[in-house]
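# Geometric and topological summary
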Amino acid sequence: MAHGFPDYGIAAPSDYAFPIVSWDDYFIRSGLVKTLDGKGDIIFHDSFENGMAKWYQTIGDGVNATVELSPDHAFGGDWSLKHTVASGHSIAESAATIPVDEPDRFGAEFRFTLYADYYHPQCRLLYYDLTKYYSFGVRYNSITRKLQYHATGDAWTNFADVTWELNPLYYFHPVKLVIDAKTLKYVKFIARGITYDLSGKDPDVETQTSRRAIQPRFMWRYTSGTYYPSYLDDVIVTTNEP
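A short tour of the structure in this document, coming up.

The rules behind each value
- Residues numbered from 1 in each chain as written.
- Predicted model: local features only at pLDDT ≥ 70, side-chain atom pairs only at ≥ 80, totals over all residues.
- Heavy atoms only, no water.
- Helix = DSSP H or I, 4+ residues; strand = E, 2+ residues; numbered from the N terminus.
- Contact = heavy atoms within 4.5 Å.
- Areas by Shrake-Rupley, 256 points an atom, 1.4 Å probe, with all protein chains shown as cover.
- Core = buried A, V, L, I, M, F, W, Y, C linked by side-chain atoms within 4.5 Å.
- Buried < 20%, exposed > 50% of the residue type's maximum accessible area, 1.4 Å probe, protein only.
- Pairing = 2+ DSSP bridges.
- Phe/Tyr/Trp six-rings, centres within 6.5 Å; stacked < 30°, edge-to-face > 60°.
- Lys NZ or Arg CZ within 6 Å of the ring centre and 35° of its normal.
- Salt bridge = Lys/Arg side-chain N within 4 Å of Asp/Glu carboxyl O.

### A closer look at the overall build of the protein chain
Looking only at helices and strands, the protein chain has one helix and 17 strands in total. Here the analysis covers contacts within the protein chain between residues at least 6 apart in sequence; of these, 68% occur between residues at least 24 apart. For the protein chain, the computed accessible surface area is about 12000 Å², with 52% contributed by carbon and sulfur atoms.

This is the structure:
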């Protein structure tokens, strides 16, 4: 049986190259990906450089609303997820499902573009136990200039007065939502360098089929005006949040 390395002489290779299956996995393992507040352990990261295989499109009301991979605008790489609405009160939504073993404190970060009034960008993190799912979410109401959280009874409750500037499509707003799946309560929301305390607040609750998972979701909702898309990029999900 041969042992050691074969003697290639002067033809021996000096470097070895191996294919990278996922750039997102490489970025996490190399420590290049950081969360907004530097907290939590990253268990999921998608910058859509490998397509949208981890995501699926969920569309509510409206006509011809679409979610698709796009090279038009991106936060860091070459691709993002484009959400396009097309008619009155239209909704374009995307989601990814991540299996988990036990409840924990989870975080979800999103970066998205916000170009015009009359749109309600909505960032949610759903937690599924074996009998129900709990919808934790925050949206920006660009008409009333308020941040709202998803509360019991499918209600959206105001918690802050803000005015987010409308920026060109190449500017990505970074936000982070942290929830406690053990106590089934909100923890906090971070946006534009400000941390909002949501501790003790209850999410919306619905029944569901048997599974245990968390699910980051982004919704682009249109109410009036010109049809502008929103681009989603650099989604991060964490566990072990303090």
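That covers the picture; the talk isn't over yet.
### A look at the nonpolar core
Most often, soluble globular proteins keep nonpolar side chains buried together rather than apart. Phe-110, Leu-147, Trp-164 and Phe-189 are the most contacted members of the largest nonpolar core, which has 46 residues in total. Residues within four places of Phe-189 in sequence aside, it is in contact with Val-138, Leu-147, Phe-159, Val-175, Lys-176, Leu-177, Ile-194, Thr-195, Tyr-196 and Leu-198.

### Section: the pairing of strand β12 (residues 173-180)
Within β12, eight of the eight residues are buried, leaving the element largely enclosed by the surrounding structure. As paired elements, strand β7 (residues 105-112) and β12 share eight bridges and run antiparallel to each other. Bridged to Arg-105 within β12 is Asp-180. Of the pairings in the sheet, the one linking β12 to strand β13 (residues 185-191) comprises six bridges and is antiparallel in character. Its bridge partner lying in β13, Ile-179 is registered against Tyr-186.

### Topic: the packing of aromatic side chains
As enumerated under the stated definition, the model contains 15 aromatic pairs in all. Ring centres 5.2 Å apart and planes at 35° place the aromatic pair Tyr-128 and Tyr-133 in the tilted group. Chaining the aromatic ring pairs together yields one cluster made of Phe-136, Tyr-149, Phe-159, Tyr-186, Phe-189 and Tyr-196. Across from the ring centre of Phe-44, 5.3 Å away, lies the NZ or CZ of Lys-54, which sits over that ring.

### Considering the pattern of salt bridges
As enumerated under the stated definition, the model contains 10 salt bridges in all. Between Arg-124 and Glu-93 there is a salt bridge, and its shortest N-O distance comes to 3.2 Å. Pair noted here: Arg-124 is in strand β8 (residues 119-128) and Glu-93 is in strand β5 (residues 91-96), with a separation of 31 residues, a long-range link. You can call Glu-93 buried: its relative accessible area is 6%. Its salt-bridge partner being Lys-176, residue Glu-241 comes within 2.9 Å of it at the nearest N-O pair.

### Observations concerning the environment of Gly-200
Position of Gly-200 among the secondary structure elements: in the loop between β14 (194-197) and β15 (204-207). Sequence spacing of Gly-200 and Lys-185 is 15 residues, and the spatial spacing of their C-alpha atoms is 5.5 Å. If we ignore the near neighbours within four places in the chain, the residues touching Gly-200 are Lys-185 and Tyr-186.

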